[in-house]
Amino acid sequence: MIKATVTGIPDLRAALAGIVPKLRVRALRNALAAGARVVQKAARGDVPTISTTSLAVRKGYRKPGTVRQAISVRTSKAARAAGNVGVFVNVRPAKGARYRTRTTNVIGIKIRNRTLTRASQRGAKSPNDPFYWRFLEFGTKRSRKYEFLQRGAEQLGAARDVFIAKITASIEKLNRPKAPAP
C-alpha cells in the first residue's frame, strides 16, 4: 500500500473560498485529473502486452493492448456523494449489457417489457474485456506479478507537483479581476 500525505490543505481552502462553488469544483477536478494522468501514464507504460502470435489472439479471444487502453482516470462517485471532489486511476471494466424497459398500460394493468439494446462486451472470450488485469498485477500460482499499477502509484510525488501547478494556475485565473466591459 502506498500512502501519500498532502500539506497545505487549509491554505488551498482559503484560496478557493472566494470562488463560485461550481467553478471551484471544476478547478479541483481538473487539477486532480491532471495529476492522476501522470500516474495513468506511468501505469500504462509498464503493462505487459500479449503477443500477436499468441493462441488467444489468433483465436480472437484477446487483443494486444486491451489492459493498457482500459487504464483510465475516473471521477469518484463516492467522493461526490460525500460532497468532495475525487478522482482515481484504475482498470475500467468492459461495458455490460444494456436494456430498455418499456411500460405499457393494458386495461389498467401495467406490463413491463424489457428488451436488450446492447449485448455485453464482458466475458472470458471477449477481446474487449480486460478482466485479467488482476492476474497481471498480482500474479497467479503459475505466472509472475507485474505490478504496473503499483509502479504507477509510485509517481504520486510527480502527480502532486502537477496538481499544485494546475490548481495554482486555476486559482490565479479565477481570482483575477475581470476587466470592465466597454
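Note that the coordinates shown come from a computational prediction; the quantities given were computed from them, not determined experimentally. (Residues numbered from 1 in each chain as written. Predicted model: local features only at pLDDT ≥ 70, side-chain atom pairs only at ≥ 80, totals over all residues. Heavy atoms only, no water.)

(A) Region of interest: helix H8 (residues 156–175). The terminal C-alpha atoms of H8, which comprises 20 residues, lie 28 Å apart, in line with the 28 Å expected from a rise of 1.5 Å per residue. Within H8, burial applies to Ala159, Phe163, Ile167 and Ile171. What you see down the axis of H8 is that its buried residues fit within an arc of 95°, all on one side. Those residues of H8 that are exposed and aimed more than 90 degrees away from the buried face are Glu172 and Lys173. (Helix = DSSP H or I, 4+ residues; strand = E, 2+ residues; numbered from the N terminus. Expected span 1.5 Å × (residues − 1). Buried < 20%, exposed > 50% of the residue type's maximum accessible area, 1.4 Å probe, protein only. Arc of directions from axis to C-beta.)

(B) Local environment of the pairing of strand S3 (residues 98–106). When S3 meets strand S4 (residues 109–118), the two strands line up antiparallel, connected through 9 bridges. Each residue of the ladder has a partner; that of Arg100, found in S4, is Thr115. (Pairing = 2+ DSSP bridges.)

(C) Focus on a nonpolar patch on the surface. A contiguous nonpolar patch, built from Val106, Ile107, Ile109 and Ile111 and spanning about 420 Å² of accessible area, is present on the exposed surface. With respect to the helices, strands and loops of the structure, Ile111 is situated in strand S4. Using a relative accessible area of 40% as the deciding quantity, one classes Ile111 as partly exposed. (Patch = residues over 30% accessible without salt bridge, like charges linked within 9 Å, V, L, I, M, F, W, Y side chains within 5 Å. Areas by Shrake-Rupley, 256 points an atom, 1.4 Å probe, with all protein chains shown as cover. Salt bridge = Lys/Arg side-chain N within 4 Å of Asp/Glu carboxyl O.)

(D) Fine view of the environment of Lys166. Secondary-structure assignment places Lys166 in helix H8. The class for Lys166 is partly exposed, based on a relative accessible area of 46%. With 133 residues separating them in the primary sequence, Lys166 and Ala33 have C-alpha atoms 9.8 Å apart. Setting aside its immediate chain neighbours within four residues, Lys166 contacts Ala31 and Ala34. (Contact = heavy atoms within 4.5 Å.)

(E) Molecular detail of the environment of Lys95. Tracing the backbone through its elements, the reader meets Lys95 in the loop between strand S2 (87–91) and S3. For Lys95, a relative accessible area of 49% translates into the label partly exposed. With 23 residues separating them in the primary sequence, Lys95 and Arg118 have C-alpha atoms 9.4 Å apart. In contact with Lys95, other than residues within four places in its own chain, are Arg118, Ser120, Gln121 and Arg122.

(F) Structural context of the nonpolar core. The biggest cluster of nonpolar side chains holds 11 residues, and these are Ala43, Val47, Val67, Ala70, Ile71, Val91, Tyr132, Trp133, Leu136, Phe148 and Leu149. Those residues in contact with Ala43, other than ones at most four positions away along the chain, are Ile71, Phe148, Leu149 and Gly152. Ala27, Ala31, Phe163 and Ile171 belong to the second largest nonpolar core, which has 6 residues in total. (Core = buried A, V, L, I, M, F, W, Y, C linked by side-chain atoms within 4.5 Å.)

(G) Spotlight on a positive patch on the surface. Among the surface-exposed residues, Lys22, Arg26, Arg29, Arg74, Lys77, Arg80, Arg92, Lys95 and Arg98 lie close enough to one another that they form a single positively charged patch. If you list the elements that add at least two residues to the positive patch, you get helix H2 (21–45) and helix H5 (77–81). Here the element with the most residues in the positive patch is H2; it accounts for 3 residues. Structurally, Arg29 can be placed in helix H2. (Lys, Arg positive; Asp, Glu negative; His and termini not counted. Charge placed at Lys NZ, Arg CZ, Asp CG, Glu CD.)

(H) Looking closely at the packing of H2 against H8. The geometry of H2 relative to H8 is characterised by a closest axis approach of 8 Å and an angle of 155° between their N-to-C directions. By the angle between their directions, the pair H2 and H8 is classed as roughly antiparallel. Seen from above, H2 lies across H8 with right-handed handedness. In this structure, H2 contributes Leu23, Ala27, Leu28, Ala31, Leu32, Ala34, Gly35, Val38 and Val39 to the contact, and H8 contributes Leu156, Ala158, Ala159, Val162, Phe163, Lys166, Ile167, Ser170 and Leu174. For the contact of H2 with H8, the per-class residue count stands at 15 nonpolar, 2 polar and 1 charged. (Axes fitted to C-alpha atoms, helices over the stretch in contact; angles between N-to-C directions. Parallel < 35°, antiparallel > 145°, perpendicular 65-115°, else oblique. Left-handed = near helix turned anticlockwise from the far one by under 90°. Nonpolar A, V, L, I, M, F, W, Y, C, P; charged D, E, K, R; others polar.)

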